[in-house]
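# Reading the structure
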Amino acid sequence: MKKKAMALTVAAMMAAAMITGCGQTAATTVETAADTTVQTEESTADTESTAADTAAADGESYTIGISQFAEHGSLDNCRTGFLEGLKEAGIEEGVNLTVLFDNAQADTATASMISDNYVSQKVDLICAIATPSAMSAYNSCLDSDIPVIYTAVSDPVSAGIAKEDKTPEGNITGTADTLPVEAQLKMIREVLPDATKIGILYTTSEANSLSTIETYKELADDYGFEIVESGINTLADVDMAAADLAAKVDCISNLTDNTVVQGLQTVLAKASAAGIPVFGSEVEQVKNGCLAAEGIDYVALGKQTGAMAAKVLKGEAEASDMPYEACEGANLYINTEVASDLGITFPENYEADAAEVFETVTVE
């Protein structure tokens, strides 16, 4: 029997009752969701004619909805890679593909509204980027035959959209961005040989963060670390929580937590004031001021997801029959300007072994 992802229900209640990021009130959140509905409806009013205009003359044409939970580098890279993966499979925007795109701005209620709209418009497929958007799309599509392909979901099992054997809990599948936690801990130990406490800031309503923290706790002792965690509810909580956490630990290790990543510059500022480094979880965070990261390539993850979606759109596979996939391996990224500012020296092999070395901090 189909079931709803329960974490979404709790998150939606929280979104309706609490102050959201950047000081928005619940009323503002509802208004934002309503605005998203209007924008989505306006952007898709001409869907049929647009699809007809852009369809390849001798083949199928498709309309998909892309629901992205928040606006930050790793999720943007996923979307870029997803469209590239579709294109490599012969499904190209402006040729035989119409793309509807909406960003929930880290609001769960808005994510639910977006996916509901896509279902009402009878899109051919929904691509959900990040865990809250994947859970929203799953719930919205329960009574439809619209497949959902997700990406940037750290733990699909904990999110309630996949089983322990990686098979789907419905007409939904995709790719997981499970963090290489052990590689991260090993790297932190090499860079900070005397550190004992690692701080982690996370959003209490994000299932992906809760799961990753448990992995950190399970492995931390093997590398001589204690994990000190601090939970937040909204973006507005980041300032105080980051300052408090930075005073208690030797460094902060950032997750792919969507709310915290949106407040990364605040986290970095509080850590800098305390004289401690922040380790990222992917390349964009290192580019933007984290010291280093063992992370995955989100463009590659997006391409992998696009290839899966292409099979579903072409009728070569059913989403309900496809186990979710994970991006294998981790890449080392370092920022030498941050290291210099903090008086930290990387092990001598790091610059040679890094997938990418940033010599400046670039905030986009």
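This text goes with the structure placed above it.
My aim in this report is to walk through the structure given alongside it, one point at a time. (Residues numbered from 1 in each chain as written. Predicted model: local features only at pLDDT ≥ 70, side-chain atom pairs only at ≥ 80, totals over all residues. Heavy atoms only, no water.)

### Details of the overall build of the protein
When you go through the protein residue by residue, the secondary structure sums to 15 helices and 13 strands. The burial tally for the protein puts 54% of its 364 residues in the buried class. Taking the contacts inside the protein whose residues are at least 6 apart along the sequence as the reference set, 72% of them involve residues at least 24 apart. Split by element, the accessible area of the protein, about 15,200 Å² in all, is 48% carbon and sulfur. (Helix = DSSP H or I, 4+ residues; strand = E, 2+ residues; numbered from the N terminus. Buried < 20%, exposed > 50% of the residue type's maximum accessible area, 1.4 Å probe, protein only. Contact = heavy atoms within 4.5 Å. Areas by Shrake-Rupley, 256 points an atom, 1.4 Å probe, with all protein chains shown as cover.)

### A word on the nonpolar core
If you look at the biggest cluster of nonpolar residues, it comprises 54 residues, and the most contacted ones within it are Ile64, Phe82, Leu86, Leu125, Ile126, Tyr150 and Ile161. At seven residues, helix H13 (residues 298–313) tops the list of elements feeding residues into this core. Once you skip the residues sitting within four places of it in the chain, Leu86 turns out to touch Ile64, Ile91, Leu97, Gly306, Ala309, Ala310 and Leu313. Listed in part, the 31 residues of the second largest apolar core include Leu185, Ile188, Tyr216 and Ala339. (Core = buried A, V, L, I, M, F, W, Y, C linked by side-chain atoms within 4.5 Å.)

### Considering the environment of Cys141
With respect to the helices and strands, the residue Cys141 is situated in the loop between helix H6 (131–140) and strand S4 (148–153). Expressed as a C-alpha distance, the spacing of Cys141 and Gly170, which sit 29 residues apart in the sequence, is 9.4 Å. Apart from the residues lying within four places of it in its own chain, the contact partners of Cys141 are Val119, Ile126, Ile146 and Val148.

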